Amino acid sequence: MVKNMNAVEKNIYASTQIDDEFKDILKICALFGTWNEQNENEKEIISKIIGIEYQEWIKTVRRLLSQKSEYISFKNNVWKIEQKERLIERYSEEYFPDDINKFREAAVKILVESDPKFELESSKRAMSNILGVKTLYSRSIKKSVLETFAIMKSLIIKFNNCSREVSNSLWYIVRET
């Protein structure tokens, strides 16, 4: 079958095969959008939603990177889902209530964290990194999670299996954060 395809068709076929093979991991990674490989909290919270230990599911992401997937990049120990909106839309029919509810709970945990540097005296706040005072979650993942809710809002009618949960999550995030 593949032999009779032109170059464009082969590229589309290969892209679809990669995505379908890895969709359960990719669809969750797309919701988070980014994570730092050196941040145990970020790896743990994503692993909890995927339901697989980090050392197992990251193999899939690394394999996608080695296959030059258009959806994955890695730089300075930070993984990023490229074309996040496109990927979320592509998998919108693959999300189920449990996926959205778990993501919402994780998002609240990420977003409600206050910056511990504000617990320091005002004269020491600028030195918070030197003093080892850090947030559990990076600004990048916080920003990306918030972007995901905007994306889900714009695509809400495409979430056939869980549009109510998506809608409820949007209100819940506003109320809880």
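See the structure printed just above.
Residues numbered from 1 in each chain as written. Predicted model: local features only at pLDDT ≥ 70, side-chain atom pairs only at ≥ 80, totals over all residues. Heavy atoms only, no water.

K.L.:
Sorry, what's going on with the pattern of salt bridges here?
P.N.:
Counted according to the given criterion, the structure contains 11 salt bridges. As a salt-bridge pair, Asp-99 and Lys-27 come within 3.1 Å of each other at their nearest N and O atoms. One end of the pair, Asp-99, is in helix H5 (residues 97-111); the other, Lys-27, is in helix H1 (residues 7-32), with 72 residues separating them in the sequence. In this structure Lys-27 comes out as buried when scored by relative accessible area, which is 6%. With its nearest N and O atoms 2.9 Å apart, the salt bridge here joins Arg-62 to Glu-37. Highlighted residues: Arg-62 in helix H3 (residues 54-66) and Glu-37 in the loop between strand E1 (34-36) and helix H2 (40-50), separated in sequence by 25 residues. Since its relative accessible area comes to 37%, Arg-62 is described here as partly exposed. Ionic contacts of the salt-bridge type, sharing partners, join the residues Lys-84, Lys-143 and Glu-147 into one network. (Salt bridge = Lys/Arg side-chain N within 4 Å of Asp/Glu carboxyl O. Helix = DSSP H or I, 4+ residues; strand = E, 2+ residues; numbered from the N terminus. Buried < 20%, exposed > 50% of the residue type's maximum accessible area, 1.4 Å probe, protein only.)

K.L.:
Would you mind showing me how to read the environment of Val-174 here?
P.N.:
Residue placement: Val-174 occurs in helix H7 (residues 163-176). A residue is classified by how much of its surface remains accessible, and Val-174, at 59% relative accessible area, is exposed.

K.L.:
Looking at this model, I keep getting lost on the side chain of Thr-148. Mind explaining?
P.N.:
Tracing the backbone shows Thr-148 in helix H6 (residues 139-154). For Thr-148, the side chain forms a polar contact with the side chain of Lys-84, separated by 2.8 Å. Apart from residues lying up to four places away in sequence, Thr-148 is in contact with Ala-30, Leu-31, Lys-84, Ile-88 and Phe-103. (Polar contact = N/O pair within 3.5 Å; in protein donor to acceptor, adjacent residues only side chain to side chain. Contact = heavy atoms within 4.5 Å.)

K.L.:
In this structure, what is going on with the sheet that holds strand E2 (residues 72-75)? I would like to understand it.
P.N.:
Across a sheet, strands are paired by hydrogen bonds formed along the backbone, either parallel or antiparallel in direction. Overall, antiparallel pairing links the three strands, which are arranged E1-E3-E2 in an open sheet. Only two strands of the sheet have a single partner each, and these edge strands are E1 and E2. For this sheet, the mean inter-axis angle between neighbouring strands, taken without regard to orientation, is 15 degrees. For E2 and strand E3 (residues 78-81), the ladder comprises four bridges, and the chain directions are antiparallel. Considered in E3, the bridge of Ser-73 is made with Lys-80. (Pairing = 2+ DSSP bridges. Axes fitted to C-alpha atoms, helices over the stretch in contact; angles between N-to-C directions.)

K.L.:
Would you mind going over the packing of H6 against H7 with me for this structure?
P.N.:
Packed helices, taken two at a time, are described by the angle their axes make and the gap between the axes. Where H6 meets H7, the axes come as close as 10 Å, and the angle between the chain directions of the two elements is 140 degrees. On the basis of the axis angle, H6 is oblique to H7. For the pair H6 and H7, the sense of crossing is left-handed. The segment H6 lies against H7, with Phe-149, Met-152 and Lys-153 engaging Val-166, Ser-169, Leu-170 and Ile-173. Residue composition of the contact of H6 with H7, by class: five nonpolar, one polar and one charged. (Parallel < 35°, antiparallel > 145°, perpendicular 65-115°, else oblique. Left-handed = near helix turned anticlockwise from the far one by under 90°. Nonpolar A, V, L, I, M, F, W, Y, C, P; charged D, E, K, R; others polar.)

K.L.:
Where do I start with the packing of aromatic side chains in this structure?
P.N.:
The geometry of an aromatic ring pair is captured by the separation of the ring centres together with the interplanar angle, meaning the angle of the planes. Inspection of every chain in the model, using the stated rule, returns seven aromatic pairs. Geometrically, the ring pair formed by Trp-35 and Trp-57 is edge-to-face, given 5.4 Å between the ring centres and 65 degrees between the ring planes. Of the two residues, Trp-35 sits in strand E1 while Trp-57 sits in helix H3, which places them 22 residues apart along the sequence. Classification of Trp-35 as buried rests on a relative accessible area of 1%. The class for Trp-57 is buried, based on a relative accessible area of 0%. Three or more aromatic residues joined by ring pairs make a cluster, and in this case those are Trp-35, Tyr-54, Trp-57, Phe-74 and Trp-79. Here Arg-104 stacks its cationic end above the ring of Tyr-172, 4.5 Å away from the centre of that ring. (Phe/Tyr/Trp six-rings, centres within 6.5 Å; stacked < 30°, edge-to-face > 60°. Lys NZ or Arg CZ within 6 Å of the ring centre and 35° of its normal.)

Geometric values such as these leave the question of function open.
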